[in-house]
Amino acid sequence: MFDSRHIKTFHEVVSTGSYSAAARALGYTQPAITQQMKALERDVGVPLFTRAGRGLRLTEAGEALSRHARTILASMDAAQQQLGALARLRAGRVRVCAFPSANATLIPEAMARLLTEHPGVRVELLEAEPPESVQRLLRGECDIALSFSYPGSRAETPPELVEVPLMEDQLTLLLPVGHQLARRHAVRLADLGGERWIAGCPRCRANLLQVCADEGFAPDVVFTTDDNLAVQSLVAAGVGIALMPALVLSFMCHRKVTGRLVEPHLRRKVSAYLLREHQRIPATALVLDELRRAGASRVGC
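Our subject in this report is the structure included herewith. Computed from a predicted structure; not experimentally measured.

**Digging into the side chain of Gln170**
- Residue position: Gln170 is located in strand 6 (residues 161-176).
- In terms of polar contacts, Gln170 uses its side chain to reach the side chain of Arg267, at 3.3 Å.

Here it is, written out as structure tokens:
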């Protein structure tokens, strides 16, 4: 293995033609140059220079190393440029795993600003409902995972992860157009005990069962699906009613469905998760900052 400093000094000696000229160019003393060249020759195992009068002449080994030195130094310079770009937040790859409604809302908003301000950062987008998104983070399949949780849920953040809250996402009651309760500005959850329900993903279904139990009834869940469009279509067809997050309604709303506030107000917390040691990776920190901004712009929706 060659010391990169020795290769740089060797190249300068070859370029200038002497140890003394190389010393002046590099800001070293001549004895320091001599010592470096002796160390390099020990590493190579053969002499690199011979004396030619008062000057130096390359040996066959020196000629060979001289040809490679230019390539080595060019590669080192390219590596420094690339690492410098990463450190200055100009480049890098970040893998983000999020649930569908976040992929359709928070992610596009955050990525639009990112591409404008830091086009060198590349984001790979994956999709998974919680808790699978966090599990993929723990398995090393992504760098940032977006997840949501409901009040009272017992999900704990693994000790190796950091949770970064992004927003509070309000739940809206979905009713078919023409439903008798659609005339109200807000609907009490306790008044919905006799309705049929469409439930969402397992985490959303568990929350539905809990909030209804808190109001004294068990919901009659006739369908369960994590397809947001299917939920709205089922509601539109009069099959049942549903609770839908504001994030979903901000980009998807069936024309035969109407939304109403539900009392008590129901919300879910949307958070980003990452490994503690990844907080200092520049590109990851930048993506996280943009997700925070996207979430903050939707607080209270």
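**What about the environment of Gly120?**
- Note on placement: Gly120 falls in the loop between helix 6 (106-117) and strand 4 (121-127).
- Here Gly120 falls in the partly exposed class, since its relative accessible area comes to 28%.
- Sequence separation between Gly120 and Ala22 is 98 residues, and the spatial gap between their C-alpha atoms is 38 Å.

**Points about the nonpolar core**
- By size, the foremost hydrophobic cluster in this structure holds 49 residues, and its most contacted members are Leu106, Ile144, Leu146, Leu173, Trp197 and Val287.
- Contributions of two or more residues to this core are made by strand 3 (92-98), helix 6, strand 5 (144-149), strand 6, strand 8 (196-199), helix 8 (202-214), strand 12 (267-275) and helix 11 (282-296).
- Ranked by residue count, the leading element in this core is strand 6, at seven residues.
- Apart from the residues within four sequence positions on either side, Ile144 is in contact with Val94, Arg95, Val96, Cys97, Leu137, Ala272, Tyr273, Thr284, Val287, Leu288 and Leu291.
- Judged by nonpolar contacts, the second largest core, of 15 residues, contains Phe10, Ala22, Ala23 and Phe49.

**Topic: empty space enclosed by the protein**
- A full pass over the atoms with the stated rule returns one cavity of 30 Å³ or more.
- Quantified by volume, the largest cavity comes out at close to 300 Å³.
- Residue lining of the largest cavity: 27 residues in total, with Gly200, Cys201, Cys204, Leu243 and Pro245 positioned closest to the centre.
- Secondary-structure elements contributing two or more residues to the lining of the largest cavity are helix 5 (100-103), strand 8, helix 8, helix 9 (228-236) and strand 10 (242-245).

**A closer look at the environment of Asp214**
- Topologically, Asp214 is positioned in helix 8.
- For the pair formed by Asp214 and Leu189, sequence separation is 25 residues and the distance between their alpha carbons is 9.7 Å.
- Within polar-contact distance, the side chain of Asp214 engages the side chain of Gln210 at 2.9 Å.

**Points about the environment of Gly53**
- With respect to the helices and strands, the residue Gly53 is situated in the loop between strand 1 (49-52) and strand 2 (55-58).
- In this structure, the C-alpha to C-alpha distance between Gly53 and Leu234, residues 181 residues apart in sequence, is 95 Å.

**Let's talk about the pattern of salt bridges**
- Under the counting rule described, the total for this entry stands at 15 salt bridges.
- A salt bridge links Glu132 to Arg139, with the shortest nitrogen-to-oxygen separation between them at 2.7 Å.
- Classification of Glu132 as partly exposed rests on a relative accessible area of 34%.
- For Arg139, a relative accessible area of 47% puts it in the partly exposed group.
- The residue Arg139 makes a salt bridge to Glu141 at a minimum N-O spacing of 2.9 Å.
- Judged by relative accessible area, which is 31%, Glu141 ranks as partly exposed.

**Describing the packing of helix 6 against helix 11**
- Interhelical geometry of helix 6 versus helix 11 gives an angle of 130 degrees and a closest axis separation of 8 Å. Viewed along their axes, helix 6 and helix 11 adopt a mutual orientation that is oblique. The element helix 6 and its partner helix 11 pack so that their crossing is right-handed. Counting all contacts with helix 6, which are made through Leu106, Ile107, Glu109, Ala110, Met111, Arg113, Leu114 and Glu117, the residues of helix 11 involved are Leu286, Val287, Glu290, Leu291, Arg293, Ala294 and Gly295.
- Broken down by class, the residue content of the contact of helix 6 with helix 11 amounts to nine nonpolar, one polar and five charged.

Conventions and cut-offs
- Residues numbered from 1 in each chain as written.
- Predicted model: local features only at pLDDT ≥ 70, side-chain atom pairs only at ≥ 80, totals over all residues.
- Heavy atoms only, no water.
- Helix = DSSP H or I, 4+ residues; strand = E, 2+ residues; numbered from the N terminus.
- Polar contact = N/O pair within 3.5 Å; in protein donor to acceptor, adjacent residues only side chain to side chain.
- Buried < 20%, exposed > 50% of the residue type's maximum accessible area, 1.4 Å probe, protein only.
- Core = buried A, V, L, I, M, F, W, Y, C linked by side-chain atoms within 4.5 Å.
- Contact = heavy atoms within 4.5 Å.
- 1 Å grid on protein atoms, 1.4 Å probe; cavity = no way out; pocket = protein on both sides within 12 Å on 5 of 7 lines; lining within 4 Å.
- Points joined across faces, edges and corners; volume = space filled by probe spheres on them.
- Salt bridge = Lys/Arg side-chain N within 4 Å of Asp/Glu carboxyl O.
- Axes fitted to C-alpha atoms, helices over the stretch in contact; angles between N-to-C directions.
- Parallel < 35°, antiparallel > 145°, perpendicular 65-115°, else oblique.
- Left-handed = near helix turned anticlockwise from the far one by under 90°.
- Nonpolar A, V, L, I, M, F, W, Y, C, P; charged D, E, K, R; others polar.

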